[in-house]
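So the chains spell out like this:
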Amino acid sequence: MAGRGAGPDFVESLARGLDVLACFDAGHPTMSLSEVATAAGLARPTARRLLLTLEELGFVRTTGGSFQLTPKVLTLGMAYVGSLGLWDIARPHLEALVARTGESSSMAQLDGSDIVYVARVSVPKLIALRVDIGTRFPATQTSQGKVLLSALAPDELAEVLAEPSRAGLPPYIGRTAEQLRDQLTEIRARGWALADEELAPGVRSVAAPVRDGTGTVRAAMNVTVHAAETSVDTLLHDHLPLLLRTAGDVSAEWALWQSRPHVESGQRNETSA
């Protein structure tokens, strides 16, 4: 993990601390010092110093000689979401979409070759995979991921697809790389993507792009259904039009939010003085 920085301003200790935080996941919520050191590729003394520093900062707690993350870690991700202004804008639209479809809806962004969920409104239905804020899935196996990949330039797409997924899921083997690129070209032209049980059995979804004020695709919004309950025809004919309208409304409001004047409180005080 650590040791991959090449720039003159690369801070190795910061990278190692982030590596330690990244060791914890749903499969490893609690880890011993040795486990953290092994997972992060660090010497035990180094891992110990980093863990104790993170504990003092409130991001890690010690329980019976083992370590686990605290809820304070969420502030790191939510600071990013909050800085976009996207969640506050999207939330009422997601809630309205879920109320009309009776199905869960989420928003995700691209991180390497994975998508990461940044917003979600769910309904109590049994779906094969659990999804929370921060959950990551391979982009090529999801409707949201395919929307986001289709918006990339060819060189950037090749670079992203060359990155290994960090989602820990087996790859989808139902198509070739050439078929995927053809599919992404079609998605770019029509403006939406379907994933039919590519991520997991029983999981079917359709997604649409969310654009910023420049028209750039920055996120994707989806509707997810259980394949045994909702056919592809119902998903596309009933839910997709609502999704496209909702994604368009979110994009328009986000563009307005981004265009508003951003004035610091100190500047306002100086202006009014």
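On a predicted model such as this, the values are computed, not experimentally measured, just so you know.

Student: Sorry if this is basic, but what is going on with the environment of Gly 102 here?
Tutor: Among the structural elements, Gly 102 can be located in the loop between helix 5 (86-101) and strand 4 (104-111). C-alpha separation for the pair Gly 102 and Val 123, spaced 21 residues apart in sequence, amounts to 7.1 Å.

Student: What am I meant to see in the pairing of strand 4 here?
Tutor: Successive residues of a regular strand alternate their side chains across the two faces of the sheet. Most of strand 4 is tucked away: 6 of the 8 residues are buried. Of the strand pairs in this sheet, strand 4 and strand 9 (residues 217-226) are connected by 5 bridges, and their pairing is antiparallel. For Ser 104, the partnering residue across the bridge sits in strand 9 and is Thr 224. Looking at chain direction, strand 4 and strand 5 (residues 114-121) are connected through 7 bridges and run antiparallel. Looking at strand 5, one finds that Ser 105 is bridged to Val 121. In textbook terms, the turn of a hairpin is the stretch between consecutive antiparallel strands, and for strand 4 and strand 5 this stretch comprises 2 residues, one of which, Gly 112, has a positive phi near 65°.

Student: Would you mind showing me how to read the nonpolar core here?
Tutor: Nonpolar side chains in soluble globular proteins generally cluster together in the buried interior. Residues Met 107, Val 206, Val 210, Met 221, Leu 243 and Val 250 are the most contacted members of the largest nonpolar core, which totals 29 residues. The set of elements that each furnish at least two residues to this core consists of helix 5, strand 5, strand 8 (203-211), strand 9 and helix 9 (232-259). Per element, the largest residue contribution to this core is 8 residues, and it comes from helix 9. Excluding anything up to four places from it in sequence, Leu 243 contacts Leu 97, Val 206, Ala 207, Ala 208, Met 221, Asn 222 and Val 223. Among the nonpolar cores identified, the runner-up in size contains 20 residues, and Ala 108, Tyr 117, Phe 137 and Val 160 belong to it.

Student: Help me out: how do you make sense of the pattern of salt bridges in this one?
Tutor: Any two side chains of opposite charge can pair if their charged atoms end up close together. Tallied over the entire structure, the rule returns 11 salt bridges. Residue Arg 204 pairs with Glu 197 through a salt bridge whose shortest N-O separation is 3.9 Å. Of the residues examined, Glu 197 reaches a relative accessible area of 37% and is grouped as partly exposed. Put simply, Asp 111, Asp 114, Arg 136 and Arg 166 are held in one network by salt bridges that share partners.

The rules behind these values
- Residues numbered from 1 in each chain as written.
- Predicted model: local features only at pLDDT ≥ 70, side-chain atom pairs only at ≥ 80, totals over all residues.
- Heavy atoms only, no water.
- Helix = DSSP H or I, 4+ residues; strand = E, 2+ residues; numbered from the N terminus.
- Buried < 20%, exposed > 50% of the residue type's maximum accessible area, 1.4 Å probe, protein only.
- Pairing = 2+ DSSP bridges.
- Core = buried A, V, L, I, M, F, W, Y, C linked by side-chain atoms within 4.5 Å.
- Contact = heavy atoms within 4.5 Å.
- Salt bridge = Lys/Arg side-chain N within 4 Å of Asp/Glu carboxyl O.

In short, geometric facts, not functional conclusions.
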